[in-house]
Amino acid sequence: MAWGLPSTAGLVPFCQKLNRLKTLEESPRETPPRRLLTTLDLTLLGVGGMVGSGLYVLTGFVAKKLAGPAVLISFGMAAMASLLAALCYAEFGARVPRTGSAYLFTYISMGELWAFLVGWNVLLEYLTAGAAVARACSGYLDAIFSRSISSFTEAHVGIWQVPFLAQYPDFLAAGIIVLASTFISCGGRVSSWLKHTFSGINLVVILFIIILGFVLARPHNWSAEEGGFAPFGFAGIMAGTATCFCAFVGFDVIAASSEEAQNPKQAVPMAIAISLGLAAGAYILVSTVLTLMVPWQNLDPDWALADAFYQRGYSWAGFIVAACAICAINTVLLSSLFSLQQIISAMATDGLFFQVFAHLYCRTKAPVVSILVFGILMLFLALLLDLEALVHFHSIGVLFAYSFVAISVIVLRFQKPSTSSSQDQEQASTPEPGQLRSALRPYLSFLGGCRPGAAVAWALGVLVASAITLDCVLAFGDSALNLPTWGYTLLLLLSSVTFLLSLLVLGAHQQEKQQDTFQVPMVPLTPALSILLNIFLMLKLSYLTWLRLSICLLIGLVVYFGYGIRHSKES
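Conventions adopted
Residues numbered from 1 in each chain as written. Predicted model: local features only at pLDDT ≥ 70, side-chain atom pairs only at ≥ 80, totals over all residues. Heavy atoms only, no water. Helix = DSSP H or I, 4+ residues; strand = E, 2+ residues; numbered from the N terminus. Buried < 20%, exposed > 50% of the residue type's maximum accessible area, 1.4 Å probe, protein only. Contact = heavy atoms within 4.5 Å. Areas by Shrake-Rupley, 256 points an atom, 1.4 Å probe, with all protein chains shown as cover. Polar contact = N/O pair within 3.5 Å; in protein donor to acceptor, adjacent residues only side chain to side chain. Expected span 1.5 Å × (residues − 1). pLDDT = per-residue confidence, 0-100. Patch = residues over 30% accessible without salt bridge, like charges linked within 9 Å, V, L, I, M, F, W, Y side chains within 5 Å. Salt bridge = Lys/Arg side-chain N within 4 Å of Asp/Glu carboxyl O. Disulfide = S-S within 2.5 Å. Phe/Tyr/Trp six-rings, centres within 6.5 Å; stacked < 30°, edge-to-face > 60°. Core = buried A, V, L, I, M, F, W, Y, C linked by side-chain atoms within 4.5 Å. Axes fitted to C-alpha atoms, helices over the stretch in contact; angles between N-to-C directions. Parallel < 35°, antiparallel > 145°, perpendicular 65-115°, else oblique. Left-handed = near helix turned anticlockwise from the far one by under 90°. Nonpolar A, V, L, I, M, F, W, Y, C, P; charged D, E, K, R; others polar.

Visitor: Report on the overall build of the chain, specifying residues and quantitative values.
Guide: Counting its regular elements, the chain contains 22 helices and zero strands. Buried residues in the chain amount to 52% of all 571 residues. For the chain, the proportion of contacts with a sequence separation of at least 24, taken over those separated by at least 6, is 82%. Carbon and sulfur atoms make up 67% of the accessible area of the chain, which amounts to about 25800 Å² in all.

This is the structure we're talking about:
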């Protein structure tokens, strides 16, 4: 036997460990969940989660750096991509009888290794989101004090000329994270009353920005003399779409609240669609007035909305917008820190991450060690990285996680559900999920010999591979791939046909149907389109963003194979 080559008998249990599924323990509840939330309640929750810091952080940044006035198209396309992801997320929110995340959804459907990678990615996503909003808050505070803070830092520290690093260390952003982490470690929480108050103030200020912005609008700012409507072309619009995607991640609060909805099968998808539409409308209108008030070249991405009013001589309006932005951004920062601790605690409780991070301090009932370690990491990210690097890294993390949620929907839809013995007779007459549909067996006899789920697994793998290939062809074009025209056309046709055939194979198999919970319509088409669009948007982000993601995922694999695989509670 050759040295260093593991035997087949040793590989089988190893692969089984990687594919372990999480078993949800059914704990009896003293009282059933109170179904009080109407469609309006869920819609308001979604709007409050989506229309927040993204409005003050992303609009000016995307307009100045990526898309110009066409940022409004970027927000519209990002909203459509988010709708596909939100529907997939909503099905899990309705099916899984507890508050969850992309990590939990992947763990119960795809296996442990994929769940760890998604959880690790979500952890990084919250880290970068917290650092990004801290830098944005720092920018607005600095603006209120007439740039005296940044001028002092540049004068005494100097300006750095290093790619993806900030021009100077942002000590104010680091201090904001220290204060927020201290607040949480002492057991502080953001009350729902405070969230609703800030959400109401935020909506009033958005209406104020839109109305006064249209009064101050100058259509000349979209003219060819100022660079035109889309100065960066279609590539800039799609790069802006990839960045704007993370503005709509607040829809997960609707899925998390589905247990308390009066009619989740109808209320959840309706609330998601309405809240996404309202949020997209707010982002599009604000982006429109922003680029009509001030030429996009003159925008300051660190505090664009407030600065636009200052540039037009309405300093009082700029101060109101800046003050509201600081309130909204700090609320999001605290929420990011809370969510970060939740995903860390979930992974540590499952044994995939170090147990010390799940330990709660007896007095405050807060994970002090976790807050200290990851608060320091977030501090350094905010201190050293610029806003562009943080926003792009956050965007690729969101797209990565929601791609796995879409894949998990397909996997779970074709899996045989775990049923009790009392339900076996009821399901004996119904076809098993993953089997070839009986009406198609005479025409697809070559698939009839496969065991239930085998053909689905192969088709899903081919679907993802062909989606990646098709997206690479579309995103980079024949010039970047160094292919002749006929080679580019052939690759485009082959990847498109393979993608469609894999969809047809999946659609030819029996799916699980549940009448009492919401299910994504038109499966596998809807999640497949979500996967296709998410991967395409990820490819529109910079190579440095991909490099940082790859390095972080490699570190995550070291943690999993060094610790998680041996301490998993599912072993």
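Visitor: With reference to specific residues and values, describe the environment of Thr 291.
Guide: Locating Thr 291 in the fold gives a position in helix α12 (residues 264–293). Its relative accessible area of 1% is what places Thr 291 among the buried residues. In this structure, the C-alpha to C-alpha distance between Thr 291 and Leu 305, residues 14 residues apart in sequence, is 9.8 Å. If sequence neighbours within four positions are ignored, Thr 291 has contacts with Ala 63, Gly 68, Pro 69, Val 71, Asn 221 and Trp 222. A polar contact is formed between the side chain of Thr 291 and the backbone oxygen of Thr 288, at a distance of 3.2 Å.

Visitor: Lay out helix α6 (residues 112–144) in plain terms, naming residues and giving numbers.
Guide: The first and last C-alpha atoms of α6 sit 48 Å apart over 33 residues, in line with the 48 Å expected at 1.5 Å per residue. Downstream of α6 by a residue or two, Ser 146 has a phi angle that is positive, lying close to 60 degrees.

Visitor: Give me the confidence of the model for the chain: which residues, what numbers.
Guide: Averaged over the chain, the pLDDT score is 83; the fraction of residues at 70 or greater is 88%. Here helix α17 (residues 424–428) stands out as the element of the chain with the lowest mean pLDDT, 49, in contrast to helix α21 (residues 525–539), whose mean of 94 is the highest. Low pLDDT (under 50) marks residues 27–31, which in the prediction has two contacts with non-local residues, meaning those over four places away or in another chain.

Visitor: Just give me the short version of unusual backbone geometry, but keep the residues and values in it.
Guide: The linkage connecting Val 523 with the following residue, Pro 524, adopts the cis geometry, with an omega of 15 degrees. By the element assignment, Pro 524 lies in the loop between α20 (485–507) and α21. Within the chain, Met 522 stands out as a residue other than glycine whose phi angle is a positive 55 degrees. Note that Met 522 resides in the loop between α20 and α21. Assessed through its relative accessible area of 59%, Met 522 is described here as exposed.

Visitor: I'd like a rundown of a nonpolar patch on the surface, residues and numbers included.
Guide: Together, Phe 354, Val 356, Val 369, Leu 372, Val 373, Ile 376, Leu 377, Phe 380 and Leu 384 make up an exposed nonpolar region whose accessible area comes to about 710 Å². Inspection of the secondary structure assignment puts Phe 380 in helix α15 (residues 368–384).

Visitor: Now, about the state of the cysteines: what can you tell me, with residues and values included?
Guide: Applying the stated criterion to the full structure yields zero disulfides. As a non-bridged cysteine, Cys 324 has Cys 327 as the owner of its nearest cysteine sulfur, 6.4 Å distant. Assessed through its relative accessible area of 7%, Cys 324 is described here as buried.

Visitor: Can you tell me about the packing of aromatic side chains, naming the residues and giving the values?
Guide: This model, assessed by the stated rule, comprises 26 aromatic pairs. Their ring planes at 70 degrees and their centres at 5.4 Å tell us that Phe 248 and Tyr 283 sit as a pair that is edge-to-face. Of the two residues, Phe 248 is situated in the loop between α10 (233–244) and α11 (252–256) and Tyr 283 in helix α12; the sequence distance between them amounts to 35 residues. Note on Tyr 283: relative accessible area 0%, which makes it buried. Pairing Phe 353 with Phe 354 gives two aromatic rings, centres 5.3 Å apart and planes at 40 degrees, and the pair type is tilted. Ring pairs connect the aromatic residues Phe 116, Trp 120, Phe 353, Phe 354, Phe 357, Phe 374, Tyr 560, Phe 561 and Tyr 563, which therefore count as one cluster.

Visitor: Quick rundown of the environment of Ala 328? Include the residues and the values.
Guide: Here Ala 328 lies in helix α14 (residues 315–349). A relative accessible area of 10% means that Ala 328 is categorised as buried. For the pair Ala 328 and Ser 199, spaced 129 residues apart in the sequence, the C-alpha separation amounts to 7.8 Å. Excluding residues that lie within four positions of it along the chain, Ala 328 makes contacts with Tyr 56 and Asn 202.

Visitor: Quick one: what's the story with the side chain of Asn 121, residue by residue and with numbers?
Guide: Topologically, Asn 121 is positioned in helix α6. If we skip the residues at most four places from it in the chain, Asn 121 touches Gly 397, Phe 400, Ala 401 and Leu 549.

Visitor: Any chance you could break down the side chain of Ser 370 for me, citing the residues and the numbers?
Guide: By the secondary structure assignment, Ser 370 is in helix α15. There is a polar contact of 2.5 Å between the side chain of Ser 370 and the side chain of Gln 341. The contacts of Ser 370, once residues within four sequence positions are left out, are Gln 341, Ile 344, Phe 357 and Gly 375.

Visitor: Break down the pattern of salt bridges for me, citing the residues and quoting the values.
Guide: If you walk through the whole model with that rule in mind, you get four salt bridges. Across the pair Arg 20 and Glu 112 runs a salt bridge whose closest N-O atoms are separated by 2.6 Å. With Arg 20 in the loop between α1 (8–18) and α2 (39–50) and Glu 112 in helix α6, this pair connects stretches of sequence that are 92 residues apart. For Arg 20, a relative accessible area of 12% gives the class buried. Relative accessible area serves as the criterion here: at 0%, Glu 112 is assigned to the buried category. A salt bridge links Lys 22 to Asp 350, with the shortest nitrogen-to-oxygen separation between them at 2.8 Å. Here Lys 22, found in the loop between α1 and α2, pairs with Asp 350, found in the loop between α14 and α15; they are 328 residues apart in sequence, far enough to count as distant.

Visitor: Could you give me a rundown of the nonpolar core, with the residues and numbers involved?
Guide: If you look at the biggest cluster of nonpolar residues, it comprises 175 residues, and the most contacted ones within it are Tyr 56, Tyr 140, Phe 248 and Phe 353. If you tally residues by element for this core, the top one is α6, at 19 residues.

Visitor: Tell me what's going on with the packing of α14 against α15, and back it up with residues and numbers.
Guide: Each pair of packed helices can be summarised by the angle the axes make with each other and by the distance between the axes. Where α14 meets α15, the axes come as close as 11 Å, and the angle between the chain directions of the two elements is 125 degrees. If you check the angle between α14 and α15, you find them oblique. With respect to the hand of their crossing, α14 and α15 are arranged in right-handed fashion. Here Leu 333, Leu 337, Leu 340, Gln 341 and Ile 344 of α14 come into contact with α15, specifically with Ser 370, Ile 371, Phe 374 and Met 378. Tallied by class, residues from the contact of α14 with α15 come to seven nonpolar, two polar and no charged.

Visitor: How would you summarise the packing of α6 against helix α16 (residues 387–413) if you had to cite specific residues and measurements?
Guide: Interhelical geometry of α6 versus α16 gives an angle of 150 degrees and a closest axis separation of 8 Å. Considering the angle they form, α6 stands roughly antiparallel to α16. At the point where α6 passes α16, the crossing takes the left-handed sense. In contact with Trp 114, Leu 117, Val 118, Asn 121, Val 122, Leu 124, Glu 125, Thr 128, Ala 129, Ala 131, Ala 132 and Arg 135 of α6, α16 contributes Leu 387, Leu 390, Phe 393, His 394, Gly 397, Val 398, Phe 400, Ala 401 and Phe 404. Within the contact of α6 with α16, the residues separate by chemical class into 15 nonpolar, four polar and two charged.

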